[in-house]
Amino acid sequence: MTGFQMKTAVEWLLSAAPDAATCRRRWERDPHGMVLLPAGGLWDVLVLPGELGHPTLDVLSRCADRPGPVLSESGGVRLGFFVPPGTASRWLGTGVRAVGRGAWIVVPHPGRPAGVTNWLVRPDGSGTLNDPGLLELAMHEAVAGEG
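Summarised in this report is the structure supplied together with it. (Residues numbered from 1 in each chain as written. Predicted model: local features only at pLDDT ≥ 70, side-chain atom pairs only at ≥ 80, totals over all residues. Heavy atoms only, no water.)

1. Re the overall build of the chain
Across its full length, the chain carries 5 helices and 7 strands. The order of helices and strands in the chain, counted from the N terminus, is α-α-β-β-α-β-β-α-β-β-β-α. Taking 15 Å as the expected radius of gyration for a compact globule of 147 residues, we find that the chain reaches 15 Å, a close match to that expectation. Taken along its principal axes, the extent of the C-alpha atoms in the chain is 45 × 30 × 25 Å. Every one of the 147 residues in the chain was classed for burial, and the buried ones make up 44%. If you take every contact in the chain between residues at least 6 apart in sequence, the share linking residues at least 24 apart comes to 78%. When the accessible area of the chain is evaluated, it comes to approximately 7500 Å², of which 55% is carbon and sulfur surface. In the chain, the 13 positive side-chain charges and the 14 negative ones have mean positions that sit 9 Å from each other. (Helix = DSSP H or I, 4+ residues; strand = E, 2+ residues; numbered from the N terminus. Rg over C-alpha atoms; globule rule 2.2 N^0.38 Å. Buried < 20%, exposed > 50% of the residue type's maximum accessible area, 1.4 Å probe, protein only. Contact = heavy atoms within 4.5 Å. Areas by Shrake-Rupley, 256 points an atom, 1.4 Å probe, with all protein chains shown as cover. Lys, Arg positive; Asp, Glu negative; His and termini not counted. Charge placed at Lys NZ, Arg CZ, Asp CG, Glu CD.)

Structural data, given as structure tokens:
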């Protein structure tokens, strides 16, 4: 990630924060700093268990030019795929936690390694998100590939 991409990624993430200045200070003061950002405004997050999330990301990476942002929590136990706002309210998949309006997610700085939560696919600042339809197809393909 170039310095410009990192800066635009930071600005994009901070644009979702109710208090961008506080979030920025937190990231600047603590190299492993995490901030809470609200879902439902710029994005929703679909959280998949790692045993489904990792193969889904593999499939998605082959199908899309560049997947949208993806977080890994707890050493890969869960993966969070950033999708367009409103997706969480319409998602019907079993075993997938849909995080949308009214919920918050833990977000590390996009340019540094963090602790428990890390970026597998960092945001690039353009606002690119994972397409829910393509993500669902990738999940089906991942499950079919396990059999």
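2. Regarding the pattern of salt bridges
A full pass over the atoms with the stated rule returns 2 salt bridges. Of the charged contacts, one joins Arg24 and Glu11 as a salt bridge, the two residues approaching to 2.7 Å between their closest N and O atoms. Taken together, the residues span a long stretch of sequence, with Arg24 in helix 2 (residues 20-29) and Glu11 in helix 1 (residues 3-14) at a distance of 13 residues. Put simply, Arg78 and Glu73 hold a salt bridge, and the shortest N to O gap is 2.8 Å. According to the relative accessible area criterion, Arg78 is partly exposed, its value standing at 34%. (Salt bridge = Lys/Arg side-chain N within 4 Å of Asp/Glu carboxyl O.)

3. Some details on helix 3 (residues 50-63)
Side chains that are three or four residues apart share a direction in an α-helix, a result of its 3.6 residues per turn. Between its first and last C-alpha atoms helix 3 spans 19 Å; for 14 residues at 1.5 Å apiece the expected length is 20 Å, and the two agree. Buried within helix 3 we find Gly50, Leu52, Gly53, Thr56, Leu57, Val59 and Leu60. (Expected span 1.5 Å × (residues − 1).)

4. Notes on the sheet that holds strand 4 (residues 78-83)
A sheet is described by the order of its strands in space; here 5 strands give the open sequence 5-2-4-3-7, paired in antiparallel fashion. The open sheet terminates on both sides in strands that have one partner only, identified here as strand 5 (97-99) and strand 7 (117-121). For this sheet the average axis-to-axis angle between neighbouring strands, irrespective of direction, equals 25°. Strands strand 2 (44-49), strand 3 (70-73), strand 4 and strand 7 of the sheet are contacted by helix 3, whose axis makes an angle of about 45° with strand 4. (Pairing = 2+ DSSP bridges. Axes fitted to C-alpha atoms, helices over the stretch in contact; angles between N-to-C directions.)

5. Concerning the packing of aromatic side chains
For the structure on display, the rule yields 3 aromatic pairs. On the basis of an interplanar angle of 50° and a centroid distance of 5.5 Å, the ring pair of Phe82 and Trp119 is categorised as tilted. Within this pair, whereas Phe82 is found in strand 4, its partner Trp119 is found in strand 7, the two being separated by 37 residues in sequence. Among the aromatic residues, those joined into a ring-pair cluster are Trp12, Trp43, Phe82 and Trp119. (Phe/Tyr/Trp six-rings, centres within 6.5 Å; stacked < 30°, edge-to-face > 60°.)

In short, shape yes, function no, at least from these values alone.
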